[in-house]
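Summary of the model geometry
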Amino acid sequence: MSGKLYVGNIPDDTREGELEDKFSKYGKISSVWLARNPPGFAFVTFSDVRDAEDAMADMNDRDFLGRRIRVEMSRERRDRDRDRDRDRGRGRDRYDDRGGRGGGRFPRH
């Protein structure tokens, strides 16, 4: 079972290699995803969840490139978040089932 860590409060100019160098001492990393817009956080995924737990315990609230970082186990996206992403793009300019325009929940009178 893999372990995915959220790494927050990292400097905006952080490079993937810097994260890999710092976290690879805890175990085999299967991926690093670095946010760019907005910057300041990343996800580091370990092949083994125990390695991720070790990294989290040791690295949370530690200095990384001059910033105190937050490291925690990544949580699965909740259904509400998935629904919001799926519904994104359904705007007021689409025709609704009443033949009119809009996205409102209440019928027009």
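All values reported here derive from a predicted model rather than from experimental measurement.

1. Notes on the overall build of the protein chain
Within the protein chain, the regular secondary structure consists of three helices and six strands. Counting from the amino terminus, the protein chain carries its helices and strands in the arrangement β-α-β-β-α-β-β-β-α. When each of the 109 residues of the protein chain is scored for burial, the buried share is 28%. Residue pairs in contact within the protein chain that sit at least 24 positions apart in sequence constitute 55% of those at least 6 positions apart. Here the protein chain has roughly 8200 Å² of accessible surface; of this, 44% comes from carbon and sulfur atoms.

2. Looking at the nonpolar core
Counting residues in hydrophobic clusters, the biggest one holds 17 residues, and the most contacted among them are V7, I10, L19, F23, F46 and I69. Broken down by secondary-structure element, the contributors of at least two residues to this core are strand 1 (3-8), helix 1 (16-23), strand 2 (29-36), strand 3 (39-46) and helix 2 (49-59).

3. Brief notes about the sheet that holds strand 2
Backbone hydrogen bonds hold the strands of a sheet together, and the pairing may be parallel or antiparallel. Within the open sheet, the four strands sit side by side as 2-3-1-6. Their pairing is antiparallel. In the strand order of this sheet, the two ends are held by strand 2 and strand 6 (70-73), each with one partner. Across this sheet, the average inter-strand angle for adjacent strands is 20°, counted without regard to direction. With six bridges connecting them, strand 2 and strand 3 associate as antiparallel partners. Across the sheet, I29 pairs through a bridge with F46, a residue of strand 3. Across the sheet, helix 1 lies against strand 1, strand 2, strand 3 and strand 6, angled at about 140° from strand 2, the strand it touches most. Helix-sheet contacts for helix 2 involve strand 1, strand 3 and strand 6, and the interaxial angle to strand 6 is about 150°.

4. Re the side chain of D51
By the element assignment, D51 lies in helix 2. Despite its burial, D51 remains without a salt bridge, the nearest opposite charge being carried by R50 at 6.2 Å. Ignoring anything within four residues of it in the chain, the contact list for D51 reads Y26, G27, K28 and F46.

5. Some remarks on unusual backbone geometry
Note the cis peptide between N37 and P38, where omega equals 5°. Mapped onto the elements of the fold, P38 is located in the loop between strand 2 and strand 3. Here D61, not a glycine, exhibits a phi torsion of approximately 70°, which is positive. Checked against the element boundaries, D61 lands in the loop between helix 2 and strand 4 (63-64). Phi is positive for L65, which is not a glycine, with a value near 55°.

6. Describing the pattern of salt bridges
Counted by the stated rule, this structure contains five salt bridges. Between D48 and R50 there is a salt bridge; the shortest N-O distance is 2.6 Å. A network of salt bridges, in which partner residues are shared, links R70, E72 and R75.

Criteria and thresholds
- Residues numbered from 1 in each chain as written.
- Predicted model: local features only at pLDDT ≥ 70, side-chain atom pairs only at ≥ 80, totals over all residues.
- Heavy atoms only, no water.
- Helix = DSSP H or I, 4+ residues; strand = E, 2+ residues; numbered from the N terminus.
- Buried < 20%, exposed > 50% of the residue type's maximum accessible area, 1.4 Å probe, protein only.
- Contact = heavy atoms within 4.5 Å.
- Areas by Shrake-Rupley, 256 points an atom, 1.4 Å probe, with all protein chains shown as cover.
- Core = buried A, V, L, I, M, F, W, Y, C linked by side-chain atoms within 4.5 Å.
- Pairing = 2+ DSSP bridges.
- Axes fitted to C-alpha atoms, helices over the stretch in contact; angles between N-to-C directions.
- Lys, Arg positive; Asp, Glu negative; His and termini not counted.
- Salt bridge = Lys/Arg side-chain N within 4 Å of Asp/Glu carboxyl O.

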